[in-house]
Amino acid sequence: MIEIERLTKTYVMGDEVISALAGVSLRIDRGEHVAIIGPSGSGKSTLMNVLGGLDRPTSGLYRFESEPVEDFDDDQLAGFRNRRIGFVFQSFQLLPRLTAAQNVELPMIYAGVEPAVRRERAVELLTRVGLEHRLNNKPTQMSGGQQQRVAIARALANAPDLLLADEPTGALDTATGQEVLALFDELNGQGLTLCIVTHDQEVAARARRRIAFRDGHIVQDDRHAG
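Bear in mind that the values here come from a model prediction, so they are computed numbers and not experimental data.

Q: Describe the overall build of the chain, and please don't skip the residues or the numbers.
A: Of the regular secondary structure elements, the chain holds seven helices and 10 strands. For the chain, whose C-alpha radius of gyration is 17 Å, the value lies close to the compact-globule estimate of 17 Å for 226 residues. Per-residue burial over the chain gives 50% buried out of 226 residues. Across the chain, every contact between residues at least 6 apart in sequence was considered, and the portion connecting residues at least 24 apart equals 68%. Only carbon and sulfur atoms are counted for the fraction: they give 47% of the accessible area of the chain, which is about 10,700 Å². With 25 positive and 31 negative side-chain charges, the chain shows a separation of 3 Å between the mean positions of the two kinds.

Put into C-alpha cells, the structure is as follows:
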C-alpha cells in the first residue's frame, strides 16, 4: 500500500536547519498493524503527517497504491486526505457545538455525500463503536473515551484505506485506553490498515510491527505475532 524512498523533511528555524526525516525508506502492506515509536523529536509524528498528506516531504518519493503523493497539488492532496486517510488524534479534535452524529458526518459533507446517506452512515458507525445511545450528545456531554470513539467513527466515515492514530490513548485513563485499543484491534482484524504513533510501549506491543525512530532515522523494524 505505502512505499516511501529516501524521504526527507527539513525545517529552517532561524539559522538552524532541522532534519526531521533523514532519508527514510519504508514499505507498509495493506492490512498491517504498525506502531511507530520513538522519543519526542525523533521524526515519528513528522512521518505520520507526511503519510496522511498533512505535510509535504522536502525530497524523496511517496507512493500510495502506486499514486505519486509527493507530486499532488493542493486540491489532489485534500482529496487524498478525505478519501483515503482516517485520522485519530490525542485531543479528539471534535467540534464542540456539533452532536456526535454531526461530527461524524463532517468528512462526508466534504466528500459530497447526500444528507440522508450521511446520517445513515453516521448512525451505523456510532453504533459500531458502541455509541448508538449518544447520537445527539455534544462532546461536553461525553467522557474522554466516548469522545475518542466518536473521533474513530468520524475517521471511518469515508471508508479510508489507512487509519493514522497519533497518541490516541494519551488523554485517556488506563482502562478506557485499553477499550480504545481493543477497538483498533477489531478494526485491523476486519482488514483496515492501521498505523499508531506512540511513545507508550504497552500500546506499541499490541501492534504486529514496530518501527522505531531516532533523529529522523529508522533504527529498528520488528515484526511479531501480536
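Alright, that's what it looks like, and here's the rest.
Q: Please provide a residue-by-residue account of the packing of aromatic side chains, values included.
A: Applying the stated criterion to the full structure yields four aromatic pairs. With a centroid separation of 6.4 Å and 80° between ring planes, the pair formed by Tyr62 and Phe80 is classed as edge-to-face. On the criterion of sequence distance, the pair formed by Tyr62 in strand E4 (residues 59–64) and Phe80 in helix H2 (residues 74–84) is long-range, its members being 18 residues apart. The same class applies to Tyr62 as to Phe80, namely buried. Ring centres of Phe87 and Phe89 lie 5.9 Å apart, and the angle between their planes is 5°; this geometry places the pair in the stacked category. We classify Phe87 as buried; its relative accessible area is 14%.

Q: Now, about the sheet that holds E4: what can you tell me, with residues and values included?
A: Spatially, four strands are ordered E2-E1-E4-E5 in an open sheet, and the strand pairing comes out antiparallel. The open sheet has two free edges, formed respectively by strand E2 (16–28) and strand E5 (67–68), since each of these has just one partner strand. Pairing of strand E1 (residues 2–13) with E2, which is carried by 10 bridges, proceeds in the antiparallel orientation. Counted as the bridge partner of Met13 is Glu16 from E2.

Q: So, unusual backbone geometry: which residues are in play, and what are the values?
A: For Glu65, which is not glycine, the phi dihedral falls at a positive 45°. Note on Glu65: relative accessible area 34%, which makes it partly exposed. Positive phi, close to 60°, is recorded for Gln93, a residue that is not glycine.

Q: For the environment of Ser25, give the residues involved together with the corresponding values.
A: With respect to the helices and strands, Ser25 occurs in strand E2. With a relative accessible area of 43%, Ser25 lands in the partly exposed category. It is 9.2 Å that separates the C-alpha atoms of Ser25 and His217, two residues lying 192 residues apart in sequence. Those residues in contact with Ser25 that lie beyond four places of it in its chain are Ile4, Glu5, Arg6 and Ile218.

Q: Break down empty space enclosed by the protein for me, with residues and values.
A: Enumeration according to the criterion identifies one cavity of 30 Å³ or more in this entry. In this structure, the largest cavity encloses a volume near 50 Å³. Val50, Gly53, Asp55, Arg56, Pro57, Tyr62, Val69, Glu70 and Leu77 together form the lining of the largest cavity.

Definitions and limits used
- Residues numbered from 1 in each chain as written.
- Predicted model: local features only at pLDDT ≥ 70, side-chain atom pairs only at ≥ 80, totals over all residues.
- Heavy atoms only, no water.
- Helix = DSSP H or I, 4+ residues; strand = E, 2+ residues; numbered from the N terminus.
- Rg over C-alpha atoms; globule rule 2.2 N^0.38 Å.
- Buried < 20%, exposed > 50% of the residue type's maximum accessible area, 1.4 Å probe, protein only.
- Contact = heavy atoms within 4.5 Å.
- Areas by Shrake-Rupley, 256 points an atom, 1.4 Å probe, with all protein chains shown as cover.
- Lys, Arg positive; Asp, Glu negative; His and termini not counted.
- Charge placed at Lys NZ, Arg CZ, Asp CG, Glu CD.
- Phe/Tyr/Trp six-rings, centres within 6.5 Å; stacked < 30°, edge-to-face > 60°.
- Pairing = 2+ DSSP bridges.
- 1 Å grid on protein atoms, 1.4 Å probe; cavity = no way out; pocket = protein on both sides within 12 Å on 5 of 7 lines; lining within 4 Å.
- Points joined across faces, edges and corners; volume = space filled by probe spheres on them.

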